[in-house]
Amino acid sequence: MIPLLILSPLILLAALGAVWKARPVHAALLLALTLALVAVFYLTVGAEFVGLVQFMVYVGGVAILIVFALLITRPGDEAAEVARRPRSLALGLSCVAPVLGLLLYAFSKGLPVDVAGETNPPLPVKAVGMELFGNAVPAVLAVAVLLTAVLIGAALFARDPGKKPEPPIG
Amino acid sequence: MRVPALIALVMAASASCGWAAEAPNRSLLAPEALPRLPQRLVELGLEALKAPDWLVAIGSFAAAAGTVVAVFLTAFALLSLIERKTLARIQNRIGPNRAGPFGLLQPVADGIKMLTKEDIVPTKSEWFLHLLAPVMIVIPSILALGVIPYGREWVPVDLPLGLLFFFAAGTMTELAVFIAGWASGSKFPMLGAMRAISQMVSYELPLIISATSVVMLSGTLSLSGIVEAQAGFHLGFIPAWYILTPWGFVAGVIFLIAGNAESNRCPFDLPEGESEIVAGHMTEYSGFKYALFFMGEYLGLFAISGLGITLFLGGWQPPLPGLGFVPSWIWFFGKLAAVIFFFLWVRGTFPRVRIDQLMRFAWLCLIPVSLLTLPVAAIWQYSGKGALGWLLCSAILLVPFIILTVRFNRRMATNNRRYTFAE
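Model, not experiment: these values are computed from the prediction.

### Observations concerning the overall build of chain A
Helix and strand content of chain A: seven helices and zero strands. Counting from the amino terminus, helix and strand elements in chain A follow one another as α-α-α-α-α-α-α. Counting all 170 residues of chain A, 13% fall into the buried class. A fraction of 53% describes how many contacts in chain A between residues 6 or more apart in sequence connect residues 24 or more apart.

### Thoughts on the overall build of chain B
A tally of regular secondary structure across chain B gives 15 helices and two strands. For chain B, the residues scored as buried account for 41% of the 423 residues in total. Excluding contacts between residues fewer than 6 apart, the proportion of contacts in chain B whose partners are at least 24 apart in sequence is 74%.

### Topic: the interface of chain B and chain A
Each partner contributes to the interface: chain B provides 20 residues, whereas chain A provides 18 residues. Within the residue set of the side of chain B that touches chain A, elements represented by two or more residues are α7 (162-183) and α8 (187-218) of chain B. Of all the elements, α7 of chain B adds the most residues to the side of chain B that touches chain A, at ten residues. Classifying every residue of the side of chain B that touches chain A by side-chain character gives 15 nonpolar, three polar and two charged.

### So, the confidence of the model for chain A
The share of residues in chain A with pLDDT of 70 or more is 84%, and the mean pLDDT across the chain is 81. Within chain A, helix α7 (residues 137-158) of chain A carries the highest mean pLDDT (89), whereas helix α4 (residues 78-83) of chain A carries the lowest (75).

### Overview of unusual backbone geometry
Residue and element names in this part refer to chain B. The backbone of N92 shows a phi angle near 65 degrees, a positive value even though the residue is not glycine. With respect to the helices and strands, the residue N92 is situated in the loop between α4 (53-90) and α5 (106-116). Of note, F102 is a non-glycine position whose phi angle comes to about 55 degrees, a positive value. Position of F102 relative to the elements: it lies in the loop between α4 and α5.

### Observations regarding the domain arrangement of chain B
Here the domain parsing of chain B yields domain 1 (2-51), domain 2 (52-116) and domain 3 (119-407). Spacing between the C-alpha centres of domain 1 of chain B and domain 3 of chain B amounts to 33 Å.

### Here we look at the environment of F237 of chain B
Residues and elements named next belong to chain B. Along the polypeptide, F237 turns up in the loop between β1 (233-234) and β2 (238-239). Linking F237 and P319, residues 82 residues apart in sequence, is a C-alpha distance of 8.5 Å. In this view, F237 contacts L320 and P321; residues no more than four positions away in its chain are not counted.

### Let's talk about the nonpolar core
By size, the foremost hydrophobic cluster in this structure holds 110 residues, and its most contacted members are A32 of chain A together with L175 of chain B. The biggest single contributor to this core is α7 of chain B, with 15 residues. Ignoring sequence-local partners within four residues, the contact set of A32 of chain A consists of V59 and A63 of chain A together with L175 of chain B.

### A word on the environment of V376 of chain B
Residues and elements named next belong to chain B. Relative to the assigned elements, V376 resides in helix α14 (residues 355-382). Taking the number of C-beta atoms within 10 Å as the measure of exposure, V376 has 25 and is therefore buried. Setting aside chain neighbours within four positions, we find V376 in contact with P246, W247, C393, I396 and L397.

### What to know about the packing of α4 of chain B against α5 of chain B
Residue and element names in this part refer to chain B. Two elements in contact, α4 and α5, have axes whose closest approach is 9 Å; the angle formed by their N-to-C orientations is 110 degrees. Classed by the angle they form, the pair α4 and α5 counts as roughly perpendicular. Here α4 contributes A77, S80 and L81 to the contact with α5, which in turn contributes Q106, P107 and D110. Of the residues assigned to the contact of α4 with α5, the class counts are three nonpolar, two polar and one charged.

### Points about the packing of α4 of chain B against helix α12 (residues 287-312) of chain B
When two helices pack together, you describe them by how their axes are tilted relative to each other and by the distance separating the axes. All names here are of chain B. Packing of α4 against α12 brings their axes to within 10 Å, and their N-to-C directions diverge by 105 degrees. Accordingly, the angle class assigned to the pair α4 and α12 is roughly perpendicular. Residues F72, A75, F76 and L79 of α4 form the contact with α12, whose own contacting residues are M295, Y298, L299 and F302. Of the residues that constitute the contact of α4 with α12, the class distribution is eight nonpolar, no polar and no charged.

### A word on α14 of chain B
Residues and elements named next belong to chain B. Over its 28 residues, α14 runs 40 Å from end to end, which matches the ideal 40 Å to within 8%, given 1.5 Å per residue. Where α14 bends most, at L366, the angle is about 30 degrees, and the proline P368 comes one to four residues later. Of the residues making up α14, those classed as buried are L358, A362, L366, V369, S370, L372, T373, V376, A377 and W380.

### Here's the deal with the environment of F288 of chain B
Within the secondary structure layout, F288 of chain B lies in helix α12. Excluding anything up to four places from it in sequence, F288 of chain B contacts M114, L115 and D119 of chain B.

### With respect to the confidence of the model for chain B
All names here are of chain B. With 89% of its residues at a pLDDT of at least 70, chain B reaches an overall mean of 82. In this model, residues 16-25 is a region of pLDDT below 50 whose contacts with residues beyond four sequence positions or in other chains number 17 contacts. Across the whole predicted complex the pTM is 0.82, and at the interface the ipTM reaches 0.76.

What counts, and where the lines are drawn
- Residues numbered from 1 in each chain as written.
- Chains lettered and ligands numbered in written order.
- Predicted model: local features only at pLDDT ≥ 70, side-chain atom pairs only at ≥ 80, totals over all residues.
- Helix = DSSP H or I, 4+ residues; strand = E, 2+ residues; numbered from the N terminus.
- Buried ≥ 20, exposed ≤ 12 C-beta atoms within 10 Å, placed from the backbone.
- Contact = placed C-beta atoms within 7 Å.
- Nonpolar A, V, L, I, M, F, W, Y, C, P; charged D, E, K, R; others polar.
- pLDDT = per-residue confidence, 0-100.
- Domains from an automatic or database assignment.
- Core = buried A, V, L, I, M, F, W, Y, C linked by C-beta atoms within 7 Å.
- Axes fitted to C-alpha atoms, helices over the stretch in contact; angles between N-to-C directions.
- Parallel < 35°, antiparallel > 145°, perpendicular 65-115°, else oblique.
- Expected span 1.5 Å × (residues − 1).
- Bend = angle between axes of the 7 residues up to and from the residue.

Structure (structure tokens):
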């Protein structure tokens, strides 16, 4: 419980900063910080495999992808972004409020698992693997097919149809 | 003078009678446990002071971390000199020879120079991120060095998910390079960071995939478990290292190439190609921050070489039977020296590649071949690991390799160029 109490304000602050910062690079870095702090939280509660994978996939993959997209695109107008802020805030809050309400209602009805209990032993990686590639195989396969389709789609988008293939190197 | 002589005598005596291998924990001064000496001393000291258990644990880890940092910072200083000397030898020069005998004090002189230089923060930079980047470069390398098993008795932090931790810590480097490039507020760092990130992302895939095949065969993510899986000898004298299997050889070579690219070394040193973009993401750094970048790079080189040794070269296992009396960490550091020397040799020999060649090599050659090692490792596992396995695995690996080489050779053919500048 103590790691959650220490980490959750930090995660919340970093996430708010990621939404609030007008400069996209700052927002992206704060998003990376948020994801890294969530990974730290997983590590502190004994879910080491999930924590390390979260770090590798989100900080090493997703955050880098966002940052790279920022590098190769032109930055938008920051002043316009700030001017748009009240409208964005209203829109965002109207979306968040029902979700938050639903969550609070669900929590008030009782938690699905015993969050405060320290009885959960850390799950060995073998068990995680058995679960993933045993019971959850259809879901894993579906995700694999989806990601392959995404990859092929991205390659198609990236290709410039008007251009001839590159000449040989050398 | 007498105490070191006594220690040396005890070490020699214990090594010669194989006492160390049989009773590793009995003595503080057993050669096998020598790297753990600071850690053990701190533990014993704290226990003598009746410190609580958590304090002993923290002190013990701090001492282990201190040992790792001290060993590898010394090695970094030595390597910076050895690298310059080796490159000089390859290029028919003498190399540093002014500071101290054989230039031995050159690292000290470099350190003093770096520390006393003016620390420049460009006005267009963001000072906080500009400061954060060099720190973030060094941290993951030191974290990664902490999980490698250096000897039978010495794994600073023996994590059950060591391999995963190594790669997870390594991902922080990419973000740090981006921050360095962006926060400098100038064009060359930006271009360097773009090159560095695209290169790191591309070469991380073959690196991790080739490591995955080792995990498949050893059945564990713990690095000390992987080393133990490579114990023993085939036919009585061939070590059972993974590099000496068909899939392991291919995966090991891929790991070596990708590791070289991950640590941004020649021939993959485009991110800081001096003749092209000044110094890449480090252009706007000076003084100690620049030294931190350098340190991070070399510590990363140590870490990736150490991981390669652990995964493919048997870690601290001796290369021949009957050599078990030599402390295991000596084998590890001997292999580390050999691998690092190989990297220096490569740096002195190969020309820098172009960015399109770099990307093409990663995506069209390394990633397909490394993906191929996964099914081949499975075939090796279920075909008895004998002559049949050798035949099947080599055939499956060689055919695409030959096709790829022929294609690459044809595309890169350079019909007899004539160089006339030196005549």
